[in-house]
Amino acid sequence: MGWFRRRSQENEPAATEEVTEAPPEGERLSPGEAEPTLSEGGEVLGATPAESEEAAPPEEPRKGLFRRFRERLGRTREALSGGISRLFAGRRVVDAELLEELEELLITADLGVDTTLQLMAAMREKVKRRELSDVERLKGALAEAMRDMLAAPPPAEIRARPRVVMLVGVNGVGKTTTIAKLAHLDRAAGREPLLVAADTFRAAAAEQLAAWGQRLGVDVVRQKHGADPAAVVFDGLSAALARGVDTVYIDTAGRLHTKVNLMEELKKIHRTIGKKLPGAPHEIFLVLDATTGQNALSQARLFQEAVGLTGIILTKLDGTAKGGVALAVAHETGIPLRYLGVGEDLDDLKPFDPEAFVAAILG
């Protein structure tokens, strides 16, 4: 704690109208169909499911996942593992000075003060009990403590069909691209997804999602720019029920160009989903940009308070040395990490694995 001590010195809105009937007609983009037919209720009719792709193996082996993480988390590994190696070079004994320097390294690697202090408290306790007699044991103990910090119970099995997943996050974190990658994972596993473009405030947001839908062979439900997002969601869920799809992914706004508060708009969407499909949404994922470092923590707290979160997707880890923020987010919010974005390709969204992640960043 020496370094930290030195640094220290120096409305729910007015009741919205309930969605009791189908909203105005929505648009749905389907490969090969410029103007699909809608029923009076706004449901998508006459759509032909895209041909199913071959199912991928159920789960990538851990060795392959570790290799992929190691390839893409090079900058974080250099900041952490490289820094630790330089710190430990030529030192055999674990003493107070070494622990203090390790503490400083972890904080500057964006693990955050609270997370670092908890890790270092555990290390100091082990040193006190004479369990860490050399630097190699210290590194092993640090890795074990990080794995424990990142561990989370497996997500509950969701039997509902369709499974409704709402994605939230500020603009620029990669929500729309992440939705496309999730849909790609579904298609590879033989599931049929449907995408709902409920970000009607950002220019070209619906068009971007529609372009992904065409590329993936996945249907997209959307309305015109500036439409009521809750109406788009209602339309999308109606389409999902009519089509019998397996999963619905709902893209949402990250910033509004009106006086309506973003969090209140997300609450309204949440209520609309629950009225249309009791028990939904089944998952609410917050997408965070790893390059923002500790700012990700404040975002997580705001969205958690507004709509509740079932998991976090951390993107852009391949372009930052701040991957240590994953530990801070998991520890300080208590929200499990579910996926990591480690590149721009469709296959670069990986299920989060604490063991593979820690092994990759600590070398």
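Residues numbered from 1 in each chain as written. Predicted model: local features only at pLDDT ≥ 70, side-chain atom pairs only at ≥ 80, totals over all residues. Heavy atoms only, no water.

### Re the pairing of strand β10 (residues 337-341)
Then, number 1: Burial of β10 is extensive: five of the five residues sit out of reach of the surface.
Then, number 2: Sheet analysis places strand β9 (residues 311-315) next to β10, joined by three bridges and oriented parallel. Note on β10: the bridge partner recorded for I312 is L337.
Then, number 3: Regarding topology, helix α12 (residues 325-333) serves as the crossover connection from β9 to the parallel β10, and that connection is right-handed.
Then, number 4: Sheet topology places β10 next to strand β11 (residues 349-351); three bridges connect them, and they run antiparallel. Bridge pairing in β11 links Y339 to P351. (Buried < 20%, exposed > 50% of the residue type's maximum accessible area, 1.4 Å probe, protein only. Helix = DSSP H or I, 4+ residues; strand = E, 2+ residues; numbered from the N terminus. Pairing = 2+ DSSP bridges. Right-handed = clockwise from strand over helix to strand, strands pointing away.)

### Overview of the confidence of the model for the protein chain
Parts of the model with low pLDDT should not have their predicted coordinates read in detail.
Then, number 1: Averaged over the protein chain, the pLDDT score is 83; the fraction of residues at 70 or greater is 81%.
Then, number 2: Confidence over residues 3-59 falls short of pLDDT 50; this stretch has 92 contacts with residues more than four positions distant or in other chains. (pLDDT = per-residue confidence, 0-100. Contact = heavy atoms within 4.5 Å.)

### Some details on the environment of V135
Then, number 1: As for its position among the elements, V135 is in helix α6 (residues 135-150).
Then, number 2: With 44 residues separating them in the primary sequence, V135 and R91 have C-alpha atoms 7.3 Å apart.
Then, number 3: Residue contacts for V135: discarding those within four places in its chain leaves F88, R91, R92, V94 and L98.

### Things to note about the pairing of strand β5 (residues 193-197)
Then, number 1: Most of β5 sits inside the fold, with five of its five residues counted as buried.
Then, number 2: Side-chain alternation along β5 places P193, L195 and A197 on one buried face and L194 and V196 on a second face that is also buried.
Then, number 3: The pairing of β5 with strand β7 (residues 247-251) spans five bridges and is classified as parallel. Looking at the pairing, V196 lines up with I250 of β7.
Then, number 4: Pairing analysis gives two bridges linking β5 to strand β6 (residues 220-222), with the strands arranged parallel. Note on β6: the bridge partner recorded for L195 is V220.
Then, number 5: For the segment spanning β5, helix α8 (residues 205-216) and β6, crossover handedness is right-handed.

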